[in-house]
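Chain and residue survey
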Amino acid sequence: MDTAQLAEVVDTTLVLLRVEEAARRLQVGRTVCYRLINSGELESLMVGGLRRVPADAPAAYLARRRAEQHAA
């Protein structure tokens, strides 16, 4: 495990994630993560000129997807 991965595992105080970090938490690629953001399925916001994903957004996305699958 490299230092960046270790820092992500240890630092649970993050409020915002980079798109790459959100993609890693969802275990998808960066392109798929941007597709989820662009479709509105994954919440994100702009901070300055930077795209950021709230730390709780990946879990919320997964909860919605699980509820949709259970309803089907």
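First, a word on what this report is: a plain description of the structure on this page. Residue positions within a chain follow its written sequence, with the count starting from 1. Local features in a predicted model are, by the rule used here, given only for residues with pLDDT of at least 70; side-chain atom pairs are given and counted only at 80 or more, and totals for whole chains, interfaces and linings are based on all residues. Side-chain metrics rest on all non-hydrogen atoms present in the structure, leaving aside hydrogens and water.

1. Quick look at the packing of helix 2 (residues 19–26) against helix 3 (residues 30–39)
Where helix 2 contacts helix 3, the axes come no closer than 9 Å and their chain directions differ by 100°. Here helix 2 lies roughly perpendicular to helix 3, going by the angle between them. For the pair helix 2 and helix 3, contact is made by Val19, Glu20, Ala22, Ala23 and Leu26 and by Arg30, Cys33, Tyr34, Leu36 and Ile37, respectively. We call Asp, Glu, Lys and Arg charged. Ala, Val, Leu, Ile, Met, Phe, Trp, Tyr, Cys and Pro are nonpolar, and the rest, Gly among them, are polar. Split into classes, the residues belonging to the contact of helix 2 with helix 3 amount to eight nonpolar, no polar and two charged. Axis definition: a line fitted to C-alpha atoms, over the contacting stretch in the case of helices. Angles run 0 to 180 degrees between N-to-C directions. Only runs of H or I of at least four residues qualify as helices and only runs of E of at least two qualify as strands under DSSP, and these elements are numbered from the N terminus. What sets the label is the angle itself: under 35 degrees gives roughly parallel, over 145 gives roughly antiparallel, 65 to 115 gives roughly perpendicular, and the rest give oblique. Only heavy atoms enter the contact rule, under which two residues are in contact if any of them lie within 4.5 Å.

2. Section: unusual backbone geometry
With phi around 60°, Gln27 is a residue other than glycine that occupies positive phi space. Mapped onto the fold, Gln27 is located in the loop between helix 2 and helix 3.

3. Digging into the sheet that holds strand 3 (residues 50–54)
The pairing criterion is simple: DSSP has to find at least two bridges between the two strands. Spatial strand order, 1-3-2: three strands in an open sheet with antiparallel pairing. If you trace the sheet from one side to the other, it starts and ends with strand 1 (16–17) and strand 2 (45–47), each paired once.

4. What about the environment of Val15?
Here Val15 shows up in the loop between helix 1 (3–10) and strand 1. With a 1.4 Å probe rolled over the protein chains alone, any residue whose accessible area is under 20% of its type maximum counts as buried; one over 50% counts as exposed, and the rest are partly exposed. The exposed category is assigned to Val15, whose relative accessible area is 62%. The spacing of Val15 and Arg52 is 37 residues in sequence and 9.6 Å in space, taken between C-alpha atoms. In this structure, Val15 is in contact with Val53, Pro54 and Ala55, ignoring residues within four places of it in sequence.

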